[in-house]
Amino acid sequence: MSRRLRWYGADPLHLLTLLASFALAGYVAVQFVGSRPLGVAVWFLGAVVGHDLLLMPLYSLADRSVMAAIRHRVPGLPSIPWINYVRVPAALSALLLLLWLPLILRLTASYHASTTLSPNPYLWHWLAVTGALFLLSAVALARRLRKSRSSAPPECPAVVPDDADSAHESGNDSAHENGNSGSLGRYDRPGRDGRHLPHDAGHRPEDPV
Amino acid sequence: VIGAGNPEPHPGQPSLARRAAQRLGRLPQTDQLPGPFRRSFWRSPVRGPWLTSVLGLVLLGGIAVMFVTGLLSYAAYNPDLSPVNDETPGKGLLGFYLFSWPTHPVWLYRLNQGVHVTLGLVLVPILLAKLWSVLPKLFEWPPVRNLAHALERLSLFLLVGGAVFEFATGIMNIQQWYVFPGSFYTLHFYGAWVFVAGFVVHVGLKAPTVVRALRSRGLLRELRTDTAHTRPEPPDAGHLVSPAPAAPTISRRGVLAFAGAGSLLVLALSAGQSLGGPLRRTALLAPHGQDIGGGPGGFQINVTAAEGGIKATQTGASWRLTLDHAGPAGGTPVSLGRAELLAMPQHTAHLPINCVEGWSSGSQAWTGVRLRDLARLAGTGHPASVLVESLQRRGTFRLAVLSATQIMDPDSLLALRVNGTDLSPDHGYPARVIVPAAPGVHNTKWVASLTFRS
């Protein structure tokens, strides 16, 4: 960084690379100018806004809402990261919907006229795949629960109530607000009124500097 | 995600923007900012340069293949041969690499398009994961540190806008949902170059960060680390790592497996439409994953006779093929009925129809007259090109120009029959072109005339 340009903020190569990139993009834009440049610019902007400011906040919100709702309503949650058994099939199903939205919702009016194929099966295929994903996930969760029960230590030094769950492991209050921490760092103990044992301190995320 | 720009922070030397802002007293400190602009808003303990770099490396390889197969697909239309084939007359220097598209190996276009389309679909979950991993950068504060940072963020607009635009137009096009503003070929072609302009510069500027991040943690060790033992990466200069990480609900290997599972699922549910045969029906979510029904004409169609505006009166006994030889050496056009064509030497070729949309009909047995025999009949033994005209009234590809290589290939036919019976109306009766390794739309259906040039 000894050759850093003070007025610019990076080295000259950085500037040259970016200028070359903009030159290429500018050339493309000039060559393209005949074909509805405004519509395309709107699509580029829409692509960024649609992904960064709509899709991503929406799925993040959905993820947190589901996690918070289940944590507050279901007593005696297991200590394993159970959210992934909801998150993964739901996200994979949403991915398929995102990719094949026109087919699934029959948005292409001419599909049958063009291909002679039926536009009808895709909605059912998507629902069937979604069902299969959740079923597989449920089976995986059941197996995981059985495994974690059989491997739980037979002797437990203490029993703490559920609502004290994450205090020992979150270095700050906001980890609890976030709703991410409660299900970790504890053993599941069936047959004891859904109560859990504190795990050792090894599960606390390292405190970043 | 605008703002993956990562010039090293240098506290001793406040940037112009920050100094100006401090003077104005307008920019609040980062811990006083609202919502996502506050660094501690971002809680995921798995975000960090290592995870982003692994996902970025997968995308780097995938997008390189997408770009090369895309350029090849563009070349397969022989846009330099004739304005008829060229959807992008303003391509200029962007067509620098064009070459005459070969007819062998016969699977060339099938492989190219199958890979381009299927890989494009398979990369979507990786792209989404990668964009998720750098989301905090969109809200970095101050929004602009200096000119370098401003330019880099602008280039990220090309990168992210271009990526989402290219994936979106491609995915809509294969489902024939034409809501984008213009011709798919034009948009996808120019969009690809804009995207690449942002992509190359991003790869170049991020390469040192990626190398450093990948060296910071062993892949095998990460793949052995479960959620309970997952710790945040150490704080990084780019501020990807959360300053207030929550307890992990998923490990880094879990994130990679999650994205990978998405890719495998998409692959399993779509590749069948390119592979064909009994595997077609495994493509539960792909536009050409359904079998079309049995019989000799039971293979995929993308434009029916009705959609092409073909009337039975045009294709009945009155149909004549016009063979012409354009230019000064040309003579009078030759006109042939279907019976006369069937009386000529017949040749059978086993070839698939392969669409730009990624699906393939699988190999079919086409029988008809060789194009080179028809050229000779039109008066040229050494044709340079042929203009094929369809009876179709509308449609971009009612006209196509084939190259000398394509005409002279012994398997290039004006097909009259397929799999032992006459062509069906939807497959191009009374006659269609079939050329090895050509894009599907250059296998013109319902041919009305062939005009050769030497």
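Residues numbered from 1 in each chain as written. Chains lettered and ligands numbered in written order. Predicted model: local features only at pLDDT ≥ 70, side-chain atom pairs only at ≥ 80, totals over all residues. Heavy atoms only, no water.

1. Focus: the confidence of the model for chain B
All names here are of chain B.
Turning to step 1, where the next piece is worked out: Overall, the predicted model of chain B reaches an average pLDDT of 92, with 93% of residues at or above 70.
Turning to step 2, where the next piece is worked out: Counted against residues more than four places away or in other chains, residues 1-12, with its pLDDT under 50, gives 47 contacts.
Turning to step 3, where the next piece is worked out: The ipTM for the predicted assembly is 0.91, set against a pTM of 0.87. (pLDDT = per-residue confidence, 0-100. Contact = heavy atoms within 4.5 Å.)

2. Some thoughts on the packing of helix 2 (residues 37-73) of chain A against helix 4 (residues 147-174) of chain B
Turning to step 1, where the next piece is worked out: At a minimum axis distance of 8 Å, the contact between helix 2 of chain A and helix 4 of chain B shows a crossing angle of 95°. It follows that helix 2 of chain A is roughly perpendicular to helix 4 of chain B by the angle criterion. Every residue of helix 4 of chain B that contacts helix 2 of chain A at Val40(A), Trp43(A), Phe44(A), Leu45(A), Ala47(A), Val48(A), His51(A) and Asp52(A) is listed here: Phe157(B), Leu158(B), Val160(B), Gly161(B), Gly162(B), Val164(B), Phe165(B) and Met172(B).
Turning to step 2, where the next piece is worked out: By residue class, the composition of the contact of helix 2 of chain A with helix 4 of chain B is 12 nonpolar, 3 polar and 1 charged. (Axes fitted to C-alpha atoms, helices over the stretch in contact; angles between N-to-C directions. Helix = DSSP H or I, 4+ residues; strand = E, 2+ residues; numbered from the N terminus. Parallel < 35°, antiparallel > 145°, perpendicular 65-115°, else oblique. Nonpolar A, V, L, I, M, F, W, Y, C, P; charged D, E, K, R; others polar.)

3. Some words on the interface of chain B and chain A
Turning to step 1, where the next piece is worked out: Listed by partner, the interface residues are 92 residues for chain B and 82 residues for chain A.
Turning to step 2, where the next piece is worked out: In total, chain B and chain A occlude about 7500 Å² of area from one another, counting both sides; carbon and sulfur atoms represent 72% of this.
Turning to step 3, where the next piece is worked out: Ranking the residues of chain B by area buried against chain A places Gln175(B), Thr249(B) and Leu285(B) at the top, with a combined share of 10%.
Turning to step 4, where the next piece is worked out: Across the contact surface, chain B and chain A share 0 salt bridges. (Buried area = accessible area lost by both parts, 1.4 Å probe. Salt bridge = Lys/Arg side-chain N within 4 Å of Asp/Glu carboxyl O.)

4. Some points on the packing of helix 3 (residues 84-99) of chain A against helix 7 (residues 252-270) of chain B
Turning to step 1, where the next piece is worked out: The interhelical angle for the contact between helix 3 of chain A and helix 7 of chain B, taken along N-to-C directions, is 45°, at an axis separation of 10 Å. In this view, helix 3 of chain A runs oblique relative to helix 7 of chain B, as classed from their interaxial angle. Between helix 3 of chain A and helix 7 of chain B the crossing geometry is right-handed. Between helix 3 of chain A and helix 7 of chain B, the residues in contact are Arg87(A), Val88(A), Ala91(A), Leu92(A), Leu95(A), Leu96(A) and Leu99(A) and Phe258(B), Ala261(B), Gly262(B), Leu265(B), Val266(B) and Leu269(B), respectively.
Turning to step 2, where the next piece is worked out: A per-class count over the contact of helix 3 of chain A with helix 7 of chain B returns 11 nonpolar, 1 polar and 1 charged. (Left-handed = near helix turned anticlockwise from the far one by under 90°.)

5. So, unusual backbone geometry
Residues and elements named next belong to chain B.
Turning to step 1, where the next piece is worked out: Omega for the bond connecting His 104 with Pro 105 falls within 30 degrees of zero, at -5°, which places this linkage in the cis form.
Turning to step 2, where the next piece is worked out: By the secondary structure assignment, Pro 105 is in the loop between helix 2 (49-75) and helix 3 (108-133).
Turning to step 3, where the next piece is worked out: Put simply, Tyr 429 and Pro 430 share a cis peptide bond, and its omega is 15°.
Turning to step 4, where the next piece is worked out: With respect to the secondary-structure elements, Pro 430 resides in the loop between strand 8 (421-422) and strand 9 (432-434).

6. Some words on the environment of Ala129(B)
Turning to step 1, where the next piece is worked out: Structurally, Ala129(B) is set in helix 3.
Turning to step 2, where the next piece is worked out: On the accessibility criterion, Ala129(B) (15% relative accessible area) is buried. (Buried < 20%, exposed > 50% of the residue type's maximum accessible area, 1.4 Å probe, protein only.)

7. What about a positive patch on the surface?
Turning to step 1, where the next piece is worked out: A grouping of Arg143(A), Arg144(A), Arg146(A), Lys147(A) and Arg253(B) is seen on the molecular surface, where their side chains present a positively charged patch.
Turning to step 2, where the next piece is worked out: If one sorts the elements of the positive patch by residue count, helix 6 (residues 121-150) of chain A sits on top with 4 residues.
Turning to step 3, where the next piece is worked out: Within the secondary structure, Arg146(A) sits in helix 6.
Turning to step 4, where the next piece is worked out: Of the residues examined, Arg146(A) reaches a relative accessible area of 65% and is grouped as exposed. (Patch = residues over 30% accessible without salt bridge, like charges linked within 9 Å, V, L, I, M, F, W, Y side chains within 5 Å. Areas by Shrake-Rupley, 256 points an atom, 1.4 Å probe, with all protein chains shown as cover. Lys, Arg positive; Asp, Glu negative; His and termini not counted. Charge placed at Lys NZ, Arg CZ, Asp CG, Glu CD.)

8. Some points on a nonpolar patch on the surface
Turning to step 1, where the next piece is worked out: Where nonpolar side chains cluster on the molecular surface, the patch consists of Leu45(A), Val49(A) and Leu53(A) and spans about 250 Å² of accessible area.
Turning to step 2, where the next piece is worked out: By the secondary structure assignment, Leu45(A) is in helix 2.

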